[in-house]
Amino acid sequence: MAGVEKKSIDPASLKMIEKAASDEVSLAFDRAAALKPCPIGAEGSCCSNCSMGPCRIPLPRGREETPEEKRRRRGVCGATAETIAARNFVRMIAAGTAAHSDHGRKVTEVFLATARGKTPGYEIKDEQKLLQLAMDFGVEIGDRSNEAIATDIGQIALNEFGKQEGELLFLRRAPLKRQELWRRLGVAPRGIDREVVEAMHRTHMGVDQDYQNLLLQGTRTALADGWGGSMMATELQDVMFGTPAPVFSQINLGVLKEDEVNIIIHGHEPQLAEMMAVVAQDPEMAQYAKSKGAEGINLAGMCCTANEILMRHGVPIAGNFLQQELAIVTGAVEAMVVDVQCIMQGLADVAQCYHTKIMTTDPRAKIQGASHIEFDEHNAVESAKAIIKAAIDNFPNRGKNVQIPKEKSDLIAGFSHETINYLLGGIFRASYRPLNDNIINGRIRGVAGVVGCNNPRVTHDMQLEMVKELIKNDVLVLQTGCAAMASAKAGLMVPEAATEYAGHGLASVCEAVGIPPVLHMGACIDNSRILMAATAMVKDGGLGDDISDLPVAGAAPEWMSEKAIAIGQYFVASGVFTVFGVTWPTTGSKELTDFLFKDLEKLYGGMWAFEPDPIKAAQLMISHIDKKRKALGIDKARERVLYDMAMRRELEAV
Amino acid sequence: MSKIIASAAIRGAHKIVSQADQKWRQAMEKWGGSEPAGFPNTAYYLPVIYGILGIKVTKLADMEPVLKQCQSLLPPPVKETHPLPYLAPALDAGMATFFAEELIEAIRYIEEPDFYTKQEDPTADNIWLGAADDVILRKRGIEFVDGTAPGFAAILGAAPSKEIAAKIATELQQKNLYVFMCAENDGERFSEQLVQAGVQIGWPTRLVSFGPDITAAVFAIGFATRVALSFGHVEPGNYRKVLIYNKDRTFAFAMPLGYVTDEWYANAAGAINFGFPTIADTPIPEVLPTGICTYEHVVANIPHDKIVAKAIEVRGLKVALSEVPVPVAYGPAFEGERVRGEDIYLECGGGRSRMVEWVTSKRMDEVEDGKVEVVGPEIGDVPADSKLPMAIVVEVAGRQMQEDYEPILERQIHHLINYAQGVMHIGQRDIAWLRVSKTAVEKGFKIAHIGAIIHAKLHQDFGRIFDKLQVKIYTVDDKVREIINKAKAVYAVRDARIEGMTDETTDIFYSCTLCQSFAPSHVCVVSPERTGLCGSYNWMDCRAAHEINPTGPNQPVPKGEILDSHLGQWKGVNEFVFKASRGKFDHYNFYSIIHDPMTSCGCMECIAAILPMCNGIMTVNREHMGMTPCGMKFTTLAGTIGGGISTPGFVGHSKYNISQRKFLSAEGGIKRLVWMPKSLKEEIAQRFNARAKEIGIPNLLEMVADETVGITEEEILPFLEKKGHPALTMEPLM
């Protein structure tokens, strides 16, 4: 078993990797070791967009390319390495945007149906947020019912996807300077679907063959994700299921229970998971479980679905992306219920070695070898019951080969940007002022978003080294997705972690507010919450007048999905310096890579960087933060200002 | 660490809310829901509840929704391990604490109507003053607005000894702060310690003994809330504005002395919402990161000799300290202190002997700067309880000095002398009155020190308009008589000159934006015939103030082209007002109450209001607590029209302005005046009658109704008809 330690730094995962080996089960970890990544695809130098190819035009290995070689490095149509890498890159953005936005669309459809009373079991939970949205969308409030308001909102929201002209409504939430910049560069998205379609068109054979122009459309598409589809999903989910507020829970495979029916909900969209969380509490279900010999029903989440029901209900998390197969290896999981995104086909194979049932529930995502029980939002309660019953029915089939790792960690989650606003001042003084103030006075050096996936090409959960390095240097870390789970498992998401891991300044602020130094903000779709938090910081003042002025940085150290590239691009285009790890998909073109790593900063104030070492990457982020602090003039300690009456007269009225 | 503070604050809030709940239930049982409830003489109900929640509590039954709010604000206790974020819940709990404390104190006013003195001073057997009424608020509030009092210290508990208490109090007074006192520590109370130490407490000395219990802390917060509502014109219920206003403009802090109980923590948490930090003398946990307060939130374990300085630094307050070479403490806080009976060592003027004060200009070579000469007996030459005549002659010289500045400098003498601890001064010119206490004499105070004070302070404050100043103080009768005669002649010339000035013949008016520290959109423009509504600034004062501080709140305003001579509107003034009000107003009229009247800050001496049925105008001064024919008391009126807004039908003005020629001349001037409080009539009778004579109705004052005639339009109309008041036959007002 040499090399097992390098596969993960999570002890629970290591135990299950060992168990899988002894059970002779093939995992993603093993396949990654057996299957080297295609070196030409990895650098973005393979074009398979037409049947004159695929054309493979890799850089020469181990030496500088000569000008002559560069001239000859073209596809059959004459496409340069720049065009090919840019097309591949933009297609990743388009796919990522499509994934988030199709999620957003589904949520919007359910929202509209709920407003119209067609989905019993769902409701308008967060009235305040509903009214906020009404104001954002210009929907009349008056003395209309929530349902009437929601119907209008739903229709406008749905229209955002298919809109052909104008610009997305949520762009107006961004700082004014940023909106103007987008308009000036022509990257303000018109409609969500339109940008994805146009990205696919322009990357088709023989269309857009200027990498900078391609990247403009890539940006416009990415913005249609972050300030479009993703934001829509988050906002409408909050209205229907409640805006997250701080909640205690637990994480890691240790949350599975020996004597209960273990059901894992895995995937991304919360509609099913929300209903499962409710139905699992139903005494009828508990009774049914008892009748099959189980003590109860234990619901646990995985991947971003887990984050959704963690944030809103405190449902424990079994693990992140690379633990999906490992959960089944425990032998204690009756059912793994999945919907869309990040669901490995390997699950079906692993499940064959145990009694676990893989249940697909979404017509858009079926897996050979899995059973399909379709989830119908219009009949949500009954659908959820059917799924849970099927899981309970499988309990008697649990075998003897059961090993649940003991590891589980406590965490506090539920930090929506609205909640952070409340936590910093209470009901009466809610604002981002204390955050800005403590950034200005240097207790907090800056803020970093560490997001993204797991990737078996690097040590699982190694990203927590980056997070530790950041908080040690007084950088407050905001997290979403599978990245958040890595930190939570390591105990970074409890308030006590501030004293143990964070620098003195950050720790003092965390201690004053009672928050962990690493804040869990939700699923990967909820990166829009980070955009809103950054905007709130700009609007509160004292840190410049655009997101690009803020001492902030972003990272996805273990990224693997196309969604991550879309997210990264919308962060860069929103003005954030963003570092990715693992591998970089455009290294086949030095010009394009330089454009992304340097020139974008001149356009957007944010740019990409690539650094696989998590500590070094953290240092890149910190030096960017310091650069921004210097530009803001907050790199030095300031004198305390004492106010006399004349200074009070100068104050603007509030 | 702040978890301990938050946990304690939340526990304390639970205790206080449940105490309020219990008291309310008992009170409901005893008196029923319709029993009136509230603090005395205020238009702001229970002010924190009204300001933050917008709920008007007028009877016991109104308390129920407030208690429900308290319950919903109360968070669960903080968990020991892995607690959920606690700062925000603790702040919410602190607000619930204040609401509950107001209920408790309001119920106390029902249960024990005489528990508090309900006045500015302690009585012989009761030192507890209770909530400040609106008269106190207006009077004291102005000091907050103009900077004479930059804020307050809320002291909880007691110092280790009465000597330390007195020392802390004096130090706070010297920093011009109000000291609001409540609660006990180990059986001792700060207020009682001060009394034991022989310190004079009460509103006049800024040492305010609110109450014996911690719940009286809410009177301090209620005062701050009302400052925002009245001077800041924040609408009740707009809690965010009330709180940020106080964070930015009221420089207050809490100073718990002694063991900090859960209830004290709850109050401290509540105060943080207002931006008021806590500075403690005990080793409690600290909360240093900033954000809700301007700087640190809780600072602990400060020794008593450093605690005042530390508090001021933490609150971010800059206090300009006067260095005056006298052996007693010196500062505005001592202005209201009285010297009485047994304690008098020396008395001058006040009907017992002659006294006069006179500032006069001299040539440069006639004045030796800093020279103080006492001609006649000094304090050491006379025994205790003596009376002497006195003439204070201040001779100034300088290139910038003008005759017009003499009365301005002269008017300073009153408060400058009064600022000395143990010295009391009343009046001015030839009706001045001085008392020096035995305590001050024991500390070494001499008559010559009066000269030293005048020299030092006038140089500090008015140094730009003169170069040299000397003081001669005569205490022999013949010399005093001689000075009085000279001075009287000068007074007559001065009065005639200022009387002769008109708005038409003056091209430059002066702004006064002193109050923008509290009413940011308010702009006074002072013309010769419309003095400032606060009564403190006439045109001449503004001009001098501008000379002294060219970039200060008094700026020259070239009136420019006249746009409406009837209403009193000028182009130049409008332009200035637009800029100085930060775009909120683009014009207003000097002489009208109906058509876009001038804005009012909150400091007005009087408020005029139209009485449609009488076809006239009434005015009421802020000392008058009773109802008026417009249906509102002064305090309600002030709350409605103050805060830097222009309200047609109402306008703030000074007492002096009533007898000026341009007083509401667009509506017909004093001929329209149909009602004034009796005391105001008496106060301004002399000048009013002169003006009445000028317009040919010498007995006008007799035709003006007052509260003895009635306090409704219906009641006073027959009186006006009987007297044949001219307003009744004037053209209709509306």
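## Regarding the domain arrangement of chain B
Residues and elements named next belong to chain B.
(1) Moving on: In terms of domains, chain B is made up of domain 1 (2-315), domain 2 (332-494) and domain 3 (508-729).
(2) Moving on: The centre of domain 1, based on its C-alpha atoms, is set 35 Å off from the matching centre of domain 3.
(3) Moving on: Those elements that place two or more of their residues in the side of domain 1 that touches domain 3 are α5 (134-146) and α8 (217-230).
(4) Moving on: In terms of residue count, α5 provides more of the side of domain 1 that touches domain 3 than any other element does, eight residues in total.
(5) Moving on: In terms of residue class, the side of domain 1 that touches domain 3 is made up of nine nonpolar, seven polar and four charged.

## Considering the sheet that holds strand β13 (residues 433-437) of chain B
Residues and elements named next belong to chain B.
(1) Moving on: Within the open sheet, the four strands sit side by side as β10-β7-β13-β12. Their pairing is mixed. Of all strands in the sheet, those with a lone pairing partner are β10 (386-387) and β12 (423-426), marking the two edges.
(2) Moving on: In the sheet, strand β7 (residues 344-349) pairs with β10 via two bridges, with the strands oriented parallel. Across the sheet, Leu346 pairs through a bridge with Ser386, a residue of β10.

## As for the sheet that holds strand β20 (residues 606-611) of chain B
Pairing between sheet strands relies on hydrogen bonds along the backbone, with the strands arranged either parallel or antiparallel.
Residue and element names in this part refer to chain B.
(1) Moving on: With mixed pairing, four strands are arranged side by side in an open sheet as β22-β20-β21-β23. Of all strands in the sheet, those with a lone pairing partner are β22 (650-653) and β23 (673-675), marking the two edges. The sheet shows a mean angle of 35° between the axes of neighbouring strands, taken without regard to direction.
(2) Moving on: With four bridges connecting them, β20 and β22 associate as antiparallel partners. Its bridge partner lying in β22, Ala609 is registered against Phe650.
(3) Moving on: Together, β20, β21 (616-621) and β22 form the strand contacts of helix α18 (residues 634-641), whose direction differs from that of β20 by roughly 90°.

## What to know about the nonpolar core
The tendency in soluble globular proteins is for nonpolar side chains to be buried as a group.
(1) Moving on: The biggest cluster of nonpolar side chains holds 476 residues, and the ones touching the most others in it are Met276 and Ile388 of chain A together with Ala9, Ala154, Val179, Ile607 and Val674 of chain B.
(2) Moving on: In terms of residues, this core owes the most to one element, helix α6 (residues 81-115) of chain A, which gives 16 residues.

## Brief notes about unusual backbone geometry
(1) Moving on: Look at the link from Gly53 of chain A to Pro54 of chain A: it is a cis peptide, with omega at -5°.
(2) Moving on: Examined against the element boundaries, Pro54 of chain A turns out to sit in the loop between β1 (46-47) and β2 (55-56).
(3) Moving on: A positive phi angle, near 75°, is found at Asp461 of chain A, a position not held by glycine.
(4) Moving on: Structurally, Asp461 of chain A is set in the loop between β11 (446-450) and α21 (463-472).
(5) Moving on: With phi around 45°, His82 of chain B is a residue other than glycine that occupies positive phi space.

## Here we look at helix α28 (residues 614-632) of chain A
Structural remark: α-helix, 3.6 residues per turn; residues separated by three or four positions point the same way.
Residues and elements named next belong to chain A.
(1) Moving on: When the terminal C-alpha atoms of α28 are compared, their 27 Å separation across 19 residues agrees well with the 27 Å that a helix rising 1.5 Å per residue should span.
(2) Moving on: Where α28 is concerned, the buried positions are Pro614, Ala617, Ala618, Met621, Ile622, His624, Ile625, Lys628 and Arg629. Buried residues of α28 fall within an arc of 160° about the axis and therefore sit on the same side. Of the residues in α28, the exposed ones pointing more than 90 degrees away from the buried face are Ser623 and Lys630.
(3) Moving on: If you follow the buried residues of α28, they end up packed against β11, α21, β12 (475-479), β14 (552-556) and β15 (577-580).
(4) Moving on: Gly633 lies just past α28 and shows a positive phi near 75°.

## Points about the interface of chain A and chain B
(1) Moving on: Opposite the 40 residues of chain A that make contact, chain B presents 44 residues.
(2) Moving on: When contributions to the side of chain A that touches chain B are tallied by element, the ones reaching two or more residues are β10 (409-413), α18 (417-423), α19 (426-429), α20 (433-440), α24 (504-513) and α29 (645-650) of chain A.
(3) Moving on: For the side of chain A that touches chain B, the leading source of residues is α24 of chain A, giving five residues.
(4) Moving on: Class assignment for the residues of the side of chain A that touches chain B results in 22 nonpolar, six polar and twelve charged.

## Examining the environment of Met95 of chain B
(1) Moving on: Here Met95 of chain B lies in helix α4 (residues 87-111).
(2) Moving on: For the pair formed by Met95 of chain B and Gln686 of chain B, sequence separation is 591 residues and the distance between their alpha carbons is 51 Å.
(3) Moving on: Each residue touching Met95 of chain B, except ones within four places of it in the same chain, is listed here: Phe428 of chain A together with Ile52, Leu73, Gly270 and Asn273 of chain B.

## What about the domain arrangement of chain A?
Residues and elements named next belong to chain A.
(1) Moving on: Each assigned domain of chain A is listed here: domain 1 (81-241), domain 2 (253-397) and domain 3 (414-632).
(2) Moving on: Between domain 2 and domain 3, the C-alpha centre-to-centre distance is 31 Å.
(3) Moving on: Taken together, the contacts link twelve residues of domain 2 with 15 residues of domain 3.
(4) Moving on: For the side of domain 2 that touches domain 3, the element with the highest residue contribution is helix α14 (residues 303-313), accounting for five residues.
(5) Moving on: Along the lines of polarity and charge, the residues of the side of domain 2 that touches domain 3 split into seven nonpolar, four polar and one charged.

## Considerations on the packing of α6 of chain A against helix α8 (residues 146-162) of chain A
Residues and elements named next belong to chain A.
(1) Moving on: With their axes 8 Å apart at the nearest point, α6 and α8 run at an angle of 155° to one another. Between α6 and α8, the interaxial angle falls into the category roughly antiparallel. Of the two possible hands of crossing, α6 and α8 adopt the one that is left-handed. Along its contact with α6, which presents Ser101, Arg105, Thr108, Phe111, Leu112 and Ala115, the element α8 presents Glu147, Ala150, Thr151, Gly154, Gln155, Ala157, Leu158 and Phe161.

## Some thoughts on the packing of helix α1 (residues 2-31) of chain B against helix α10 (residues 262-273) of chain B
Residues and elements named next belong to chain B.
(1) Moving on: Here α1 crosses α10 at 100°, and the two axes come no closer than 7 Å. Judged by the angle between their axes, α1 and α10 are roughly perpendicular. On α10, the residues that touch Ile5, Ala8, Ala9, Arg11, Gly12, Ala13, Lys15 and Ile16 of α1 are Asp262, Glu263, Tyr265, Ala266, Ala268 and Ala269.
(2) Moving on: Residue classes in the contact of α1 with α10 are distributed as nine nonpolar, one polar and four charged.

## Some points on α8 of chain A
Residues and elements named next belong to chain A.
(1) Moving on: Look at α8: 25 Å from first C-alpha to last across 17 residues, which is about the 24 Å you get at 1.5 Å a residue.
(2) Moving on: Looking at α8, one finds that the buried residues are Ile149, Ala150, Ile153, Gly154, Ala157, Glu160 and Phe161. One face of α8 carries all of its buried residues, which in axial projection span an arc of 135°.

Calculation rules
- Residues numbered from 1 in each chain as written.
- Chains lettered and ligands numbered in written order.
- Predicted model: local features only at pLDDT ≥ 70, side-chain atom pairs only at ≥ 80, totals over all residues.
- Domains from an automatic or database assignment.
- Helix = DSSP H or I, 4+ residues; strand = E, 2+ residues; numbered from the N terminus.
- Nonpolar A, V, L, I, M, F, W, Y, C, P; charged D, E, K, R; others polar.
- Pairing = 2+ DSSP bridges.
- Axes fitted to C-alpha atoms, helices over the stretch in contact; angles between N-to-C directions.
- Contact = placed C-beta atoms within 7 Å.
- Core = buried A, V, L, I, M, F, W, Y, C linked by C-beta atoms within 7 Å.
- Buried ≥ 20, exposed ≤ 12 C-beta atoms within 10 Å, placed from the backbone.
- Expected span 1.5 Å × (residues − 1).
- Arc of directions from axis to C-beta.
- Parallel < 35°, antiparallel > 145°, perpendicular 65-115°, else oblique.
- Left-handed = near helix turned anticlockwise from the far one by under 90°.

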